[in-house]
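# Commentary on secondary and tertiary structure
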Amino acid sequence: MARPTGSMIRNYADDLRLFPTAVKRVGVVVLIALYLLVPYLINDTWASVLSLAGVVAIGAIGLNLLTGYTGQPSLGTAAFIGLGAFVAGYYGGGRIADGIGYDLNLFVYMLIAVIAGGAVGVLIGLPALRLRGNYLVIVTVGLVFVALYVWKTWTTFTGGNEGSPMPVKADINLGFWSIDFLKPTVFGKELGSKQGLMYLAWGFVFVTALLVKNIVRTRPGRALQAVRDRDVAAEIVGVSLFRYKVSAFAISSAIASLAGVLYGLYLGYLTPDDTSLGLVLSIQFLAVIVVGGIGTIYGSILGAVFVGALPTLIREFVPDNWNLPILGWPIVTSDAAATGFSKGALATVIYALLIIVFLVFEPRGLAGIWRRIQAYFRTWPFSY
Amino acid sequence: MRGKKLGRFLGALVAVALAVGATSQAAFAGGAHSGKTPPDVPGFNGSTIKLGVITPQSGIASVVGKPLTEGNRVYWEAKNAKGGVAGKYKVDLSIEDSQYQVETALQSYDKIKGDVVAFQQILGTQIVKSVNTRLKADNAYGGPASLEGVWVKQPTLMPTGTPYQVLAANGLDWYEKNGGQGKKVCAMAQDDAYGASGLDGLTQAAKTLKVKVAKTVRYATGSDVSAQVGELADASCDAVLLVSLPNDTGSIVTKMVGRNFTPQVLGIAPSWLSGLENSDNGPFYAEHYVWLGYGAPWGDQSIPGMAQMLTDQQQYAPDQRPDTYFQFGYGQAWAMDQILEQAAKDGDFSKAGIKKASNQVGTLKFEGLGGDYKYGKSANDRNPPRDSTIAKVAVGQPIGLQIVATNYTSQAGKNVKFNK
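Residues numbered from 1 in each chain as written. Chains lettered and ligands numbered in written order. Predicted model: local features only at pLDDT ≥ 70, side-chain atom pairs only at ≥ 80, totals over all residues. Heavy atoms only, no water.

### With respect to empty space enclosed by the protein
Residues and elements named next belong to chain A. Using the criterion set out here, one finds one cavity of 30 Å³ or more in the structure. Of the volumes computed, that of the largest cavity is approximately 90 Å³. Around the largest cavity, the lining comprises 14 residues; the ones closest to its centre are Leu66, Ser74, Thr77, Phe80 and Ser252. Contributions of two or more residues to the lining of the largest cavity are made by α3 (44-69), α4 (77-91) and α11 (241-267). Taken together, the residues that form the lining of the largest cavity break down as six nonpolar, eight polar and no charged. (1 Å grid on protein atoms, 1.4 Å probe; cavity = no way out; pocket = protein on both sides within 12 Å on 5 of 7 lines; lining within 4 Å. Points joined across faces, edges and corners; volume = space filled by probe spheres on them. Helix = DSSP H or I, 4+ residues; strand = E, 2+ residues; numbered from the N terminus. Nonpolar A, V, L, I, M, F, W, Y, C, P; charged D, E, K, R; others polar.)

Below is the structure:
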């Protein structure tokens, strides 16, 4: 008797399977192999790009839970990123040389950041019970401004305007085994801090993706999506808006704070100004889930990698002076006085165009394109 | 038995011969070093020294990054034309566009750190602070392109110029001695590290001069400043120390004019941009604005350092207009040149060698283009220049400024202390 294919869902247990097909299981093995090998093989430039992409992916997964799955738009991510980073600076030994803060192990200060982020998330979730749409966005925008003010004035915790050094080590010591992710030794080879941060960040991408996937594929996830689709109807059928909205804010904020810890480790030093922790940072996270795909977990990861790698791809592969083929229009120029974009400006323009293009033509983002490719090959050659 | 002894003797002889050989090889290698031929290291291939530049070449901050980098470039082109460092090593700049974003700057650093011996220029306070953590980890060296006092004691950084704190202190002293005694002094600063530096200098100077700062307001750069200007006007301030950037200076002065509030504005160097003198508020600037900067006035050929810069500028950047950022960039390259010359004497262009050279160079001298900077034997010994240039706004002058005082020093400026 023939067995059903992995994609065939016959009961609830089938529906809950994380990796239903052999292809997906092989894919997971390949991803684990890549996780172990890639940091070991690539140079500092790409390790730097990909470790930041991992950090952004974590924050984007959290934001996607809140905005994509629960329908609560938020521009407050920068506030939680800042919270996580300053917790790292204070509890991770960033300022211990000045006699300020603590010098705790990586997982301990990560836990403090996650708890603090979750607690603040609960506070922000409460107004969400009475607000939705644009009004909720304004509240979260306000949060970014309030947070910036707090970071600038709470000098004991953040260093005020001068900012705070971040931990110079990200170590775990279990007695019988220890590792410093900023100076890791893998397979007997000492790697750089960016490679170590890649291991750390992408490890947590896996953990947060699994956590959020488990939330959204089970009963709470269906409740969150019911809140997103029609909150009044959800409440009528017994979904507690208080419980699910506040929980979504708490979990999303906790994940953003975790991303903040890693962001702090990546930057090495953080000053609380508009360029580092302002609204633009929040908008960038929103752009990542728009480009990657709202309401999908792997969309957040695809978006983070794509948006994160784009400027470097342009820097590395676009010539210093490049004219549009055939038409000959100057696109990239290294001469400031000549017509054309610098490479940095070109990356910004493409980034902006991508957001517009995805919003207009592919609202499901890169994840939507990926799904269509999958559907095409699943039914190939009868793709109609 | 005798054979055994002979074997031992020969063995010992071989061992001695090997040891002597190894020693003489080492001595030979040492001899080569004592001949001061620097070995090839990352960023130096025996003939060319590569220096990194991480600066905004696009975006709004490129108005600062481009002339600064042009100043760097002109200095090194002129130096290369004379043979280069130690008369034989050409210098090549590897320029990366940071877009004034920390993440981009860090990725630029990671990209070129293995290809350069040091960083000629790193622009942006947050960027320098983040890159500095990498410099420390890599035992590397770089020049911050701002006058923050916090750079002074950092062993991985090459600060140049008179720090903001000293500019503020000298400015207050100058005001007190030029009709400001007993008048109400206030301050308006942007709410970031740069603003904090200016206010730190004012606070330290106020203690020395026994002046009370009546009112201090802060603002977020790019935001509406009506409320803050209103507070200063309501406090009837006679003078306002302004720690701002040019885009905010314009809107602050517009609000002052709108309220008919006419204090003496003491603007820290970056608050000014050539062209403001021709704006609608030109008359206000001419009457009420005083520029607190440092270095020789542009065009003064009687100052050897300025004469040298102008000669080089006319040859390698003839279209360059008078610009304080260009002047800073030129001076910064001059500072790096003195450290590289020391490294060439030591025969070591490695990252560690350049850091070591910075502690041997003694005092960085600029022949009047900027104040001399004592470097000493370690970063803790550093003592930055304590002199300022004070100018008033005048249409038709280079950079729109008419010099009132050069090499202005004060006890308040000399007393300024710098934290790590």
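### A short note on the sheet that holds strand β1 (residues 48-55) of chain B
Residues and elements named next belong to chain B. Strand order in the open sheet formed by four strands is β2-β1-β3-β4, and the pairing between neighbours is parallel. At either end of the open sheet lies a strand with only one pairing partner, and these are β2 (90-97) and β4 (142-144). Averaged over all pairs of adjacent strands, the angle between strand axes in this sheet comes to 20°, irrespective of strand direction. Where β1 and strand β3 (residues 118-122) come together, four bridges link them in parallel fashion. Bridge pairing in β3 links Ile54 to Ile122. Against the sheet, helix α2 (residues 62-81) engages β1, β2 and β3, with an angle of about 165° to β2. (Pairing = 2+ DSSP bridges. Axes fitted to C-alpha atoms, helices over the stretch in contact; angles between N-to-C directions. Contact = heavy atoms within 4.5 Å.)

### Considerations on the confidence of the model for chain B
Per-residue pLDDT for chain B has a mean of 89; in total, 91% of the residues score no lower than 70. Predicted complex metrics record ipTM = 0.80 and pTM = 0.84. (pLDDT = per-residue confidence, 0-100.)

### Looking at a positive patch on the surface
Residues and elements named next belong to chain A. Together, Lys24, Lys213, Arg364, Arg371 and Arg378 line one region of the surface with positive charge. Among the structural elements, Arg371 can be located in helix α16 (residues 365-379). On the accessibility criterion, Arg371 (37% relative accessible area) is partly exposed. (Patch = residues over 30% accessible without salt bridge, like charges linked within 9 Å, V, L, I, M, F, W, Y side chains within 5 Å. Areas by Shrake-Rupley, 256 points an atom, 1.4 Å probe, with all protein chains shown as cover. Salt bridge = Lys/Arg side-chain N within 4 Å of Asp/Glu carboxyl O. Lys, Arg positive; Asp, Glu negative; His and termini not counted. Charge placed at Lys NZ, Arg CZ, Asp CG, Glu CD. Buried < 20%, exposed > 50% of the residue type's maximum accessible area, 1.4 Å probe, protein only.)

### As for the packing of aromatic side chains
Applying the stated criterion across every chain, the model contains 26 aromatic pairs over all chains. Ring geometry for Phe284 of chain B and Tyr285 of chain B: centres 6.5 Å apart, planes at 85°, overall edge-to-face. Relative accessible area serves as the criterion here: at 8%, Phe284 of chain B is assigned to the buried category. Counting every residue linked through ring pairs, the aromatic cluster contains Phe86, Tyr90, Tyr91, Tyr102, Trp151, Trp154 and Phe157 of chain A. One residue, Lys189 of chain A, lies across the ring of Tyr40 of chain A, its end atom 4.9 Å from the ring centre. A cation over an aromatic ring shows up here: Arg134 of chain B above the ring of Tyr266 of chain A, its NZ or CZ 5.2 Å from the ring centre. (Phe/Tyr/Trp six-rings, centres within 6.5 Å; stacked < 30°, edge-to-face > 60°. Lys NZ or Arg CZ within 6 Å of the ring centre and 35° of its normal.)

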